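Coordinate analysis (summary)
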Amino acid sequence: MKLRNWQLPLAIVLFMTGILLVSALNALQSEAEPEPRTKSKAESLIAMIETQEKELKDYEKTIDARRDSLAKHQKDIATGKIEVQTLQYELDQLKTLSGVSDVEGKGITVFLDDNNKGYEIAKSKAPEQAKPEDFLIHDKHLLYIVYELRVGGAEAISINGQRVVCSSDIRCMGTTIGVNTSAIGPPFVIKAIGDPDRMSKVLETDTSQYNILKMAGYPVRIEKQKKITIGSYKGSYQFSYTEPKGEQ
Amino acid sequence: MTNLKNWQMPVFITFLLLGLLITVQFRSQQNYLRDLPQQKTEDLILMLKKTNTKKAELEKELGDLERQHRLISTNVSEEETLIKQLRQDITRQKMALGIIPVKGPGITVTIDTPIAYFDMIDIINELWNSQAEAIAINNHRVSSWSKIYWSEQTRALTIDGEAVAFPCTIKATGDPEKLDSGLHLSGGVLDNLDIYGINPKIKKEKELELHAANQPNIEHLKATPTP
């Protein structure tokens, strides 16, 4: 009776062990022996999978590298965009100064016309001596007034709509006056942006060209303005002989 | 109690063995599952299909990246071109304004005796008229805000607050022939000066160097806003 006490559990355990061992052996056998006829097919499949897996790893590496380089390029573009903006701003500022863009600001307008009345009077007094050219506005008058305006601190000047830039020439072209090689005629309207008082003061100096014309009886006047607009220089800035000195 | 000990030991050993057996079997099962040679053919085919799909996906991704790369490379080169153009344009504007040093062929005009400020203006105007590209009076670069005038205080021809010393040399870059013939036009600047016994010496030069003018002091001027 005493023996029975442990015999039964042991019997159960051993029985279970038996079953487990059998199933384990079964499993081992079935796995270890795939159908022999498909063995070569399986091997080639395995080889293919292994190759594929290697390729996939390579792809992943390449993709990673490409992503990095793309990110770098994108950063370069962003940096470039900032540079473009900076350069564009600088160029705009320079164009405002050089006359290539329309500008505005306070300033004066100078009106000048031929002294027709003076000529009529002179003719009536002494018909033989009165020369019409002595009563006209000449290229030199305009040229000197432009330089007087510059002495007065003019920042932009135009004559009858022609922007006067650094290299502008004012000269006689037959019976007309050429500014930037465009013919203009009376009446003349000179616009100048700058301090209105300073510019007027220079023009009204005794020895100034403007004052000389005024004294001679030419119909001239100055108008101070809070805001005047001056159009852009339509000519070109070509440098065929000159180049920057040193690095720019 | 001594009875119990008798069966306890074998049961304990048996259970221990049972536990080990189960563990070992589980482990080996796991390994079989991972080992390709242990896979069923259908499973292998399935795996191959999966790797094929993944490969196709990666290829597509790589293609996308390459496309983006090409696109962005074009953008980079376009941007580089734009930056180059902007720099060139800026240099040109600076040359026009006279705010950078320049060099080139041209002429020098040397005047020994003092001249009136309007004579100086006439000479400068004639040089611009003859397509001068840059002008300097005694190394003082002429710009569009240069102030050329007679100073009552110093009794001197003055440019931008600086008395012009004589003999004075005017340098102008451009076509030497054109500049020379411009000054020599009959009834021109030189003829006018000749009346007063002033005969400037004109010399064609292969290479002249001109300093930069100061940056303009702009207070009132601003670009008209473009709509």
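Residues numbered from 1 in each chain as written. Chains lettered and ligands numbered in written order. Predicted model: local features only at pLDDT ≥ 70, side-chain atom pairs only at ≥ 80, totals over all residues. Heavy atoms only, no water.

Of regular secondary structure, chain A possesses 6 helices and 9 strands. In terms of C-alpha radius of gyration, chain A reaches 49 Å, well past the compact-globule figure of 18 Å for 248 residues. Projecting the C-alpha coordinates of chain A onto the three principal axes gives extents of approximately 165 × 50 × 35 Å. Evaluated residue by residue, chain A yields a buried proportion of 39% over its 248 residues. Taking all contacts inside chain A whose residues are at least 6 apart in sequence as the whole, residues at least 24 apart take part in 73%. Entry remark: accessible area of chain A is about 14,600 Å², with carbon and sulfur atoms responsible for 55%. When the 33 basic and 34 acidic side-chain charges of chain A are each reduced to a single mean position, those positions are 4 Å apart. (Helix = DSSP H or I, 4+ residues; strand = E, 2+ residues; numbered from the N terminus. Rg over C-alpha atoms; globule rule 2.2 N^0.38 Å. Buried < 20%, exposed > 50% of the residue type's maximum accessible area, 1.4 Å probe, protein only. Contact = heavy atoms within 4.5 Å. Areas by Shrake-Rupley, 256 points an atom, 1.4 Å probe, with all protein chains shown as cover. Lys, Arg positive; Asp, Glu negative; His and termini not counted. Charge placed at Lys NZ, Arg CZ, Asp CG, Glu CD.)

Attention now goes to the packing of helix H4 (residues 139–151) of chain A against helix H3 (residues 117–129) of chain B. In the contact formed by H4(A) and H3(B), the axes pass within 11 Å of each other and the chain directions differ by 105°. By the angle class used here, H4(A) and H3(B) are roughly perpendicular. Residues A:Lys140, A:Leu143, A:Tyr144, A:Tyr147 and A:Glu148 of H4(A) lie in contact with H3(B), whose contacting residues are B:Tyr117, B:Phe118, B:Ile121, B:Asp122, B:Ile124, B:Asn125 and B:Trp128. Of the residues in the contact of H4(A) with H3(B), the class split is 8 nonpolar, 1 polar and 3 charged. (Axes fitted to C-alpha atoms, helices over the stretch in contact; angles between N-to-C directions. Parallel < 35°, antiparallel > 145°, perpendicular 65-115°, else oblique. Nonpolar A, V, L, I, M, F, W, Y, C, P; charged D, E, K, R; others polar.)

Turning our eyes to something else, we now look at the pattern of salt bridges. Going through the model one piece at a time under the given rule, you end up with 20 salt bridges over all chains. The shortest N-O distance in the salt bridge between A:Asp197 and A:Lys224 comes to 2.7 Å. Taken together, the residues span a long stretch of sequence, with A:Asp197 in helix H5 (residues 196–203) and A:Lys224 in strand S8 (residues 221–230) at a distance of 27 residues. Here B:Glu209 ties to A:Lys245 by a salt bridge, and the two come within 3.3 Å at their closest N and O atoms. With B:Glu209 in strand S8 (residues 201–210) and A:Lys245 in the segment after strand S9 (243–244), this residue pair bridges two chains. Residue classification places A:Lys245 among the partly exposed residues on the basis of a relative accessible area of 29%. (Salt bridge = Lys/Arg side-chain N within 4 Å of Asp/Glu carboxyl O.)

In this structure, the amide linkage connecting A:Pro186 to the following residue, A:Pro187, adopts the cis form with an omega of -5°. By the secondary structure assignment, A:Pro187 is in the loop between strand S6 (182–184) and strand S7 (188–193). Of note, the bond from B:Phe166 into B:Pro167 is cis; its omega dihedral lies within 30 degrees of zero at 0°. With respect to the helices and strands, the residue B:Pro167 is situated in the loop between strand S6 (162–163) and strand S7 (168–173). Unlike most non-glycine residues, A:Thr181 shows phi in positive territory, near 65°. Within the element layout of this structure, A:Thr181 appears in the loop between strand S5 (176–179) and S6. Residues other than glycine seldom take positive phi values, yet B:Asn139 does so here, at roughly 70°. Tracing the chain through its elements places B:Asn139 in the loop between strand S2 (134–137) and strand S3 (140–141).

Bringing the nonpolar core into the picture now. Membership of the largest hydrophobic core comes to 58 residues, with the highest contact counts inside it found for A:Leu112 and B:Ile170. Among all residues touching A:Leu112, those that are not within four sequence positions of it are A:Ile137, A:Leu142, A:Ile145, A:Pro187, A:Phe188, A:Ile190, A:Tyr210, A:Leu213, A:Pro219 and A:Val220. Among the nonpolar cores identified, the runner-up in size contains 17 residues, and A:Ile228, B:Leu86, B:Leu97 and B:Leu221 belong to it. (Core = buried A, V, L, I, M, F, W, Y, C linked by side-chain atoms within 4.5 Å.)

Attention shifts here to the interface of chain B and chain A. Contacts between the two partners involve 86 residues from chain B, matched on the other side by 89 residues from chain A. Overall, the association of chain B and chain A removes approximately 8,700 Å² of surface from exposure, summing both partners, and the carbon and sulfur fraction of that is 68%. Where chain B touches chain A, the interface holds 9 salt bridges. For B:Lys55, the salt bridge is made with A:Glu55, and the minimal N-O distance between the two is 2.7 Å. Our count for the contact surface shared by chain B and chain A stands at 32 residue pairs in polar contact (both at pLDDT 80 or more). Broken down by secondary-structure element, the contributors of at least two residues to the side of chain B that touches chain A are helix H1 (2–34), helix H2 (41–97), strand S1 (102–111), H3, strand S4 (148–151) and strand S9 (222–223) of chain B. In terms of residue count, H2(B) provides more of the side of chain B that touches chain A than any other element does, 35 residues in total. Bridge count for strand S1 (residues 103–112) of chain A against S9(B) is 2 bridges, and the pairing is antiparallel. Across the sheet, the residue bridging to A:Glu104 is B:Lys222, located in S9(B). (Buried area = accessible area lost by both parts, 1.4 Å probe. Polar contact = N/O pair within 3.5 Å; in protein donor to acceptor, adjacent residues only side chain to side chain. Pairing = 2+ DSSP bridges.)

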